[in-house]
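Coordinate analysis (summary)
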Amino acid sequence: MADSWEALKQECMACRGCALADTRNHVVFGDGAEDADILLIGEGPGQHEDEQGVPFVGRAGQLLDDMLEIIGLDRTKVYIANIVKCRPPQNRDPLNVEQDACIGFLRRQTALLRPKIIVCLGRIAAKAIIKEDFKITVEHGQWFQRGGVQMTAIYHPAALLRDVNKRPDTFEDLKSIQAKYRELCR
Ligand code: URA
């Protein structure tokens, strides 16, 4: 049977596939347009996301909204999801077993969305989606082609809050994403 957003969301909301299900308040499925050309992928929900059930609503999320605005985008024009849908305690990195248990949901989201561009937010997403040995400090902003989809990674907005010196590079990366969007998406 063909997959649907509704079936996928229901399955994800009820998931008990790893131990993060025991400590979550909300499953954070995703947010944005279900026909968007750009998919943004973060690592996993933090405290605010876990409380509200929506990705990137804390401080990092506000910065992400500002970054999108710089290139003329907003949440009505992109789709935002995470590698893991439930909050890792104390915001630690999601474990490999947790990522493995959850990645099928992201794969199905991607298959339903059929994005032209995927932007990984930070190292964890870049390693899971682009390549295992991805070096974010070296390879951020570079483009990779996989099955007709253009993929890139930029610094995670939380990293940009911690280290403002990373912001000029990210500005360049955002401009490159804007150019790719103009080329491929309209
Ligand atoms: N950081 C992430 O990677 N994802 C969120 O949803 C929020 C913060």
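Here, the structure is the one placed above.
These figures come from a predicted structure and were not determined experimentally.

**What to know about helix α1 (residues 5-13)**
What α1 keeps buried is the set W5, L8 and C12. Here the buried residues of α1 occupy an arc of 70 degrees about the axis, which is enough to place them on one side. Close packing links the buried residues of α1 with β3 (78-82) and α5 (96-113).

**Some words on the pairing of β3**
Of all five residues making up β3, five are buried, and the element is well covered by its neighbours. Along β3, one buried face is formed by V78, I80 and N82 and the opposite face, lined by Y79 and A81, is buried too. Summarising the sheet, strand β1 (residues 31-32) and β3 pair through two bridges and their orientation is antiparallel. Pairing of G32 across the sheet is with Y79, part of β3. In terms of strand pairing, strand β2 (residues 38-42) meets β3 through five bridges, oriented parallel. If you follow I38 over to β3, its bridge partner there is V78.

**Things to note about the sheet that holds β1**
Reading across from one edge, β1-β3-β2-β4-β6-β5 is the order of the six strands in this open sheet, with mixed pairing throughout. Since the sheet does not close on itself, it has two edges, and those belong to β1 and β5 (144-146), each with one partner. As judged from the four bridges shared by β2 and strand β4 (residues 117-121), these two strands associate in the parallel manner. What sits directly across from I38, in β4, is I117. Relative to β3, α5 is tilted by about 165 degrees, and along the sheet it contacts β2, β3 and β4.

**Thoughts on the site of the ligand**
As a structural note, the neighbourhood of the ligand is formed by G42, E43, G44, E49, P55, F56, N82 and H156. At 2.8 Å from a nitrogen atom of the ligand is found a side-chain nitrogen or oxygen belonging to N82. Protein burial of the ligand: of its 240 Å² of free accessible surface, 92% is covered by the chains. Judged by the proximity of its atoms to the pocket grid, the ligand belongs to the largest pocket. Within the shell around the ligand, the residues separate by chemical class into two nonpolar, four polar and two charged.

**Describing the layout of surface pockets**
Of the voids in this model, the largest pocket is the one considered here, and its volume is about 710 Å³. Contributions of two or more residues to the lining of the largest pocket are made by α3 (47-52), α4 (59-70), α6 (123-129), α7 (136-139) and α8 (157-162). The greatest single-element share of the lining of the largest pocket, amounting to four residues, is contributed by α8. Looking at side-chain class alone, the lining of the largest pocket contains 11 nonpolar, 11 polar and nine charged residues. Each pocket or cavity is described by its volume, and for the second largest pocket that value is around 210 Å³. For the second largest pocket, the full set of lining residues is I83, N96, Q99, D100, I103, R107, R123, I124, K127, A128 and E132. Breaking the lining of the second largest pocket down by element, the ones donating at least two residues are α5 and α6. Residue contributions to the lining of the second largest pocket peak at five residues, all from α5. The residue inventory of the lining of the second largest pocket, partitioned by class, reads four nonpolar, two polar and five charged.

Cut-offs applied
Residues numbered from 1 in each chain as written. Predicted model: local features only at pLDDT ≥ 70, side-chain atom pairs only at ≥ 80, totals over all residues. Heavy atoms only, no water. Buried < 20%, exposed > 50% of the residue type's maximum accessible area, 1.4 Å probe, protein only. Helix = DSSP H or I, 4+ residues; strand = E, 2+ residues; numbered from the N terminus. Arc of directions from axis to C-beta. Contact = heavy atoms within 4.5 Å. Pairing = 2+ DSSP bridges. Axes fitted to C-alpha atoms, helices over the stretch in contact; angles between N-to-C directions. Near = heavy atom within 4 Å. Polar contact = N/O pair within 3.5 Å; in protein donor to acceptor, adjacent residues only side chain to side chain. Areas by Shrake-Rupley, 256 points an atom, 1.4 Å probe, with all protein chains shown as cover. 1 Å grid on protein atoms, 1.4 Å probe; cavity = no way out; pocket = protein on both sides within 12 Å on 5 of 7 lines; lining within 4 Å. Sits in = over half its atoms within 2 Å of the grid points. Nonpolar A, V, L, I, M, F, W, Y, C, P; charged D, E, K, R; others polar. Points joined across faces, edges and corners; volume = space filled by probe spheres on them.

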